[in-house]
Every structure is written in structure tokens, then in C-alpha cells.
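Descriptive analysis of the structure
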Amino acid sequence: MTIQRNRVMEGSKQKSILLDSYFHDDPRPLVIFSHGFKGFKDWGHFNLIADLFFSKGFHFVKFNFSYNGTTPEHPMDFVDLEAFANNNFSIELNDLGLVIDDTITALGSRYEDIYLIGHSRGGGITLLKAAEDPRVKKIATWASVNEYGRFWNEETMSKWKREGKIEVFNGRTNQYMPLYYQLYEDYYANQDRLYIPGIVPKITIPGLIVHAKDDPTVPAAFASELVSWNQNFELRLLESGGHTFDGKHPWEAPALPANSLNVCEETIRFFAS
């Protein structure tokens, strides 16, 4: 068994991807986890999640998207807000493909099927990658978005176009984090690849859609819509847990919160079935 943390690989547009790999010595299913908006691979309880999947017999990889605002030197701090401002969904989708390629090369013959997990915005990237990469055999989304442009109202769009950027406040770090208008332009220029409602019905592999009913960030109704668009998807609704299934950053307890453990166990059962 090999656990390698904070390995650097080249991501989109010559920016670095930082990743953690948990590898067994023999062929196993491979799980790759994508974080969400204002997230990173070491957020909160994500290391405990990696440990759990690894202990249940999976290879496991988690990574930082190349333009998520962190750097290899500061993997848990948003020190590169210029990169954050220049991030977009195409970049993240390409990054996930690069991580899949890199991991397959590293494992050689030691991997079986490829499964993807994505949280929140990363859930959308997971859905999109499932539609375009035949190597992916199952997916699970946790508190996922189901349409990227859904959160942009008319007032936001007018200001965004006029000023060239908008700022989102990160209550945890007290940072105002910029988003350049290129995010909008890239999204609408690549609808054939990025429009989740149009792409989800084309996915032919099994999917598990997990959401908490009390999610204040992404409504649980979005999960129900995802399942209504594709008969290969299963829905699991938790009564509580919020957007992060009771996880927070930093997470200092030695065990996963109960709702996060429930989500992991449901996903492990789904992947193993």
C-alpha cells in the first residue's frame, strides 16, 4: 500500500494540480473525488473520507483543481485570487480528465473500474465527465448543483458584465473572492459540454445522487430533478446534514460526523454493488 500526499502534476494552462493518492498493491476499483466551490482536497473531514474508502478496498484520489485559488505551497489557503477569478467549468472538467489520465498511468494494471464522486460544484463536473469519458463506470454526487447558470440573477449579470467581475464573500476566511466575466462567457460558449440539464439524460452509467433535505446552499429539489432526468440514477435524501453533511473546516474530531459517515457508507455500498 502507498499513500502519497501533495504530489504536484501539471493541470490546465500550465497551472499545478495538487493531489493525494491512496493506492493498494493489487487491482482495485479507483475512486476520484472532486471538491466544490471554495473547496480544496484537505477541507474539513476530507482526509477521513479518503481513509475510509481506502480501508474499504478502493484506490482513492483527491485533488485541488488547478485554478481553485490555492497553491502547492499553500494547499489550504486562497492565496492566488487571480487564479480563482480566472477559473471556469471547462478548466475544471479538463483538470478531472488529466487526473484520471495521470492516475491510470500511475496504477498501470492495478486498477479495475473508475468511479467518480463530486461535492457541490464538483458534483456538476462529475456529471459532465461521466457523459464524455467512457472509462467512468459509476458516479456519486453529494449535494450537487444541477445547472451552473441557475444562481446568476439579472442584477448579478448586469453588474458582472458592466464591471468585468463580481465578488463572492467567503465567510470562513473573510475574503472577497473575485470571479471574472470570462466564467460566464466560457459557460455559454461551451453549452454543448457544460449544460447539465441537457447532458444528464445522455449518461448511460449508474449514478447515486445524495442530498440533505435541509441543505441551505443547494436545494434538495435539485437532486430530485437530476433523478427525474435519468432513470439510471438513484436518489438518497438525508433528513439533515446541511450542505456539507455536518462537516466543517477545520475538522478536529478523530471520526467523521454521523451524516457524512452515512453518505460515505451509502456510496461505498453503491460502488460495491
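**Some words on the overall build of the chain**
Of regular secondary structure, the chain possesses 10 helices and 10 strands. For a compact globule of 273 residues, the expected C-alpha radius of gyration is about 19 Å, and the chain comes in at 18 Å, within 12% of that figure. Dimensions of the chain, computed from C-alpha atoms along their principal axes, come out at roughly 55 × 40 × 35 Å. For the chain, with 273 residues in total, the buried portion stands at 54%. Once local pairs closer than 6 in sequence are excluded, the contacts in the chain between residues at least 24 apart make up 72%. Within the structure as shown, the chain displays about 11600 Å² of accessible surface, and the carbon and sulfur contribution to it stands at 49%. Charged side chains of the chain number 27 positive and 35 negative; the gap between the two group centres comes to 1 Å.

**Looking at the packing of aromatic side chains**
Following the criterion strictly, the structure yields 28 aromatic pairs and no others. The interplanar angle of 75° and the centroid separation of 4.9 Å between the aromatic rings of Phe 63 and Phe 65 together place this pair among those described as edge-to-face. Above the face of the Phe 270 ring, Lys 138 is positioned so that its terminal group lies 5.2 Å from the ring centre. When the ring centre of Phe 222 is taken as reference, the NZ or CZ atom of Arg 150 above it lies at 3.9 Å.

**Here we look at the nonpolar core**
Core analysis: the largest hydrophobic core is formed by 78 residues, its most contacted members being Ile 32, Phe 53, Trp 142 and Phe 271. Counting residues per element, this core draws most heavily on helix α3 (residues 89–107), which supplies seven residues. When sequence neighbours within four positions are dropped, the list of residues in contact with Trp 142 reads Phe 33, Ile 49, Phe 53, Ile 117, Gly 118, His 119, Ser 120, Val 210, Phe 245, Val 263, Cys 264 and Thr 267.

**Some words on the environment of Asn 6**
When you line up the elements, Asn 6 lands in strand β1 (residues 2–10). For Asn 6, a relative accessible area of 39% gives the class partly exposed. Taking the C-alpha atoms as reference points, Asn 6 and Leu 19, separated by 13 residues in sequence, lie 5.3 Å from one another. A distance of 2.7 Å separates a polar atom in the side chain of Asn 6 from a polar atom in the side chain of Lys 41.

**Some thoughts on the sheet that holds β1**
Pairing in this open sheet of eight strands is mixed, and the strands run β1-β2-β4-β3-β5-β6-β9-β10 from one edge to the other. Every interior strand has two partners, whereas the edge strands, β1 and β10 (233–238), have only one. Direction aside, the axes of adjacent strands within the sheet are offset by 20° on average. The pairing of strand β3 (residues 28–34) with strand β4 (residues 59–64) spans five bridges and is classified as parallel. Pairing of Leu 30 across the sheet is with His 59, part of β4. Strands in contact with helix α9 (residues 220–229) are β9 (207–212) and β10; relative to β10, the strand with the most contacts, it is inclined by about 160°.

**A word on α9**
Turning to α9, its buried residues are Ala 220, Phe 222, Ala 223 and Leu 226. Looking down the long axis of α9, one finds its buried residues gathered within 150° of arc, a one-sided arrangement. If you follow the buried residues of α9, they end up packed against α4 (121–132), α8 (196–199), β9 and β10.

**Some points on the pattern of salt bridges**
In total, this model carries 20 salt bridges according to the counting rule given. Among the ionic pairs, Glu 266 bridges to Arg 236, the shortest N-O distance being 3.0 Å. Within this pair, whereas Glu 266 is found in helix α10 (residues 258–272), its partner Arg 236 is found in strand β10, the two being separated by 30 residues in sequence. When its relative accessible area of 30% is taken as the criterion, Arg 236 is described as partly exposed.

**A closer look at the pairing of β10**
The pairing of β9 with β10 spans six bridges and is parallel. Within β10, the position partnered with Gly 207 by the bridge is Phe 233. For the segment spanning β9, α9 and β10, crossover handedness is right-handed.

Conventions used here
Here the residue numbering is sequential within each chain, running from 1 through the sequence in written order. Only residues with pLDDT of at least 70 get local features here, since the model is predicted, and only at 80 or more are side-chain atom pairs given and counted; chain-wide, interface and lining totals rely on the full set of residues. Neither water nor hydrogens contribute to the side-chain values; these are computed over all heavy atoms in the structure. Numbering goes from the N terminus for both helices and strands, where a helix is a DSSP run of H or I of at least four residues and a strand is a run of E of at least two. The quantity called the radius of gyration is restricted to C-alpha atoms. Its globule counterpart is 2.2 Å times the number of residues to the power 0.38. Using a 1.4 Å probe on the protein chains alone, a residue whose accessible area is under 20% of its type maximum counts as buried, one over 50% counts as exposed, and one in between counts as partly exposed. Every residue pair with non-hydrogen atoms within 4.5 Å of one another is taken to be in contact. Under the convention used here, a 1.4 Å probe and the Shrake-Rupley method define accessible areas, while residue burial counts only the protein chains that appear. Counting rule applied: Lys, Arg positive; Asp, Glu negative; His and chain ends not counted. To locate a charge, take NZ of a lysine, CZ of an arginine, CG of an aspartate or CD of a glutamate. For Phe, Tyr and Trp, rings pair up if their centres lie within 6.5 Å, where Trp contributes its six-membered ring, and each pair is then called stacked (planes under 30 degrees apart), edge-to-face (over 60) or tilted (otherwise). Sitting over a ring, as applied to charges here, requires NZ of Lys or CZ of Arg to be within 6 Å of the ring centre and within 35 degrees of the ring normal. Throughout this description, the term nonpolar core refers to a set of buried Ala, Val, Leu, Ile, Met, Phe, Trp, Tyr and Cys residues connected via side-chain atoms within 4.5 Å. Polar contact is the term for a pair of N or O atoms within 3.5 Å; when the atoms are in protein, one must be able to donate a hydrogen and the other to accept it, and sequence-neighboring residues count only if both atoms are side-chain atoms. By this definition, two strands are paired if DSSP reports at least two bridges between them. Here the axes come from fitting lines to C-alpha atoms, over the contacting stretch only for helices, and the angles between their N-to-C directions go from 0 to 180 degrees. Within this analysis, the arc is defined by the directions that extend from the helix axis to the C-beta atoms. Salt bridge, as used here: a side-chain nitrogen of Lys or Arg that lies within 4 Å of a carboxyl oxygen of Asp or Glu. The crossover handedness rule: strands pointing away from the viewer, path from first strand over the helix to second strand clockwise, crossover right-handed.

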